[in-house]
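Observations on the three-dimensional arrangement
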Amino acid sequence: MIIAVASDHGGLELKKAVKAHLAERGYKIVDLGTDTPDSVDYPVYGKACAEAVAGGKADLGMVFCGTGIGISIAANKVKGVRCALCTSVEMARLAKQHNNANVLALGGRTTPADLAIEITDTWLDSEFEGGRHLRRTNMLDEM
Ligand code: RB5
């Protein structure tokens, strides 16, 4: 299982914390930047991660910016990507069960690292329920 990760400067520290946790769990990680605290533009990184997932270079993606909002908007511009910005464990569970989110967005300035890790684990460990939800995700993928 390969997970592509990307962040702007606002999400960099949270990305580092989550990456360390993913590595402990044995995932292969592809980090598409940014690597320094210098100010960068989140659309560049959201697009890079989303394209890695949509293009099959990664199985799942994770994106991080200050709030998770801008980079999730960017990721969702890429066809085939269903990016969910989650701020709670419940949202993470439903993002997988109902939306089959293939990219998770987190906010480095809004979500503490311990909660972000719980959200990440819940998203990774939950299963898509299919059925009526598959009809709806198919509709999303056709947009
Ligand atoms: C960058 O300052 C900030 O705007 C960005 O990280 C993010 O929060 C945008 O949605």
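Refer to the structure presented above.
Residues numbered from 1 in each chain as written. Predicted model: local features only at pLDDT ≥ 70, side-chain atom pairs only at ≥ 80, totals over all residues. Heavy atoms only, no water.

**Structural notes on the packing of helix 4 (residues 89-97) against helix 5 (residues 113-125)**
Describing two packed helices takes the angle between their axes plus the distance from one axis to the other. In contact at an axis separation of 8 Å, helix 4 and helix 5 are set at 25 degrees when each is read in the N-to-C sense. Classified by the angle their axes make, helix 4 and helix 5 are roughly parallel. Between helix 4 and helix 5 lies a crossing whose hand is right-handed. Across the interface between the two elements, Val-89, Ala-92, Arg-93 and Lys-96 from helix 4 touch Leu-115, Glu-118, Ile-119, Thr-122, Trp-123 and Leu-124 from helix 5. Classifying every residue of the contact of helix 4 with helix 5 gives six nonpolar, one polar and three charged. (Axes fitted to C-alpha atoms, helices over the stretch in contact; angles between N-to-C directions. Helix = DSSP H or I, 4+ residues; strand = E, 2+ residues; numbered from the N terminus. Parallel < 35°, antiparallel > 145°, perpendicular 65-115°, else oblique. Left-handed = near helix turned anticlockwise from the far one by under 90°. Contact = heavy atoms within 4.5 Å. Nonpolar A, V, L, I, M, F, W, Y, C, P; charged D, E, K, R; others polar.)

**Observations concerning the site of the ligand**
Near the ligand, the surroundings consist of Asp-8, His-9, Tyr-42, Cys-65, Gly-66, Thr-67, Gly-70 and Arg-109. For the ligand, an oxygen atom lies 2.7 Å from a polar atom in the backbone of Gly-66. Within the contact set of the ligand, an oxygen atom lies 3.0 Å away from a backbone nitrogen or oxygen of Thr-67. (Near = heavy atom within 4 Å. Polar contact = N/O pair within 3.5 Å; in protein donor to acceptor, adjacent residues only side chain to side chain.)

**Some words on the pairing of strand 3 (residues 60-65)**
Most of strand 3 sits out of view: six of its six residues are buried. Residues Leu-60, Met-62 and Phe-64 line one face of strand 3 and the alternating positions Gly-61, Val-63 and Cys-65 line the opposite face, and both faces are buried. As judged from the five bridges shared by strand 1 (residues 2-7) and strand 3, these two strands associate in the parallel manner. Considered in strand 3, the bridge of Ala-4 is made with Gly-61. (Buried < 20%, exposed > 50% of the residue type's maximum accessible area, 1.4 Å probe, protein only. Pairing = 2+ DSSP bridges.)

**Here's the deal with helix 1 (residues 12-24)**
Each α-helix winds once per 3.6 residues, and so residues spaced three or four apart point in a common direction. An ideal rise of 1.5 Å per residue puts 18 Å on 13 residues; helix 1 measures up with 19 Å between its terminal C-alpha atoms. All of the buried residues in helix 1 are Leu-12, Leu-14, Lys-15, Val-18, His-21 and Leu-22. Buried residues belonging to helix 1 abut strand 1, strand 2 (28-31), strand 3, strand 5 (103-107) and helix 5. Taken from the residues just after helix 1, Gly-26 is the one with a positive phi, measuring 90 degrees. (Expected span 1.5 Å × (residues − 1).)

**Some words on helix 5**
Compared with the 18 Å implied by 1.5 Å per residue over 13 residues, the 18 Å span of helix 5 between its first and last C-alpha is a close match. Within helix 5, the full set of buried residues consists of Ala-116, Ile-119, Thr-120, Asp-121, Thr-122, Trp-123 and Leu-124.

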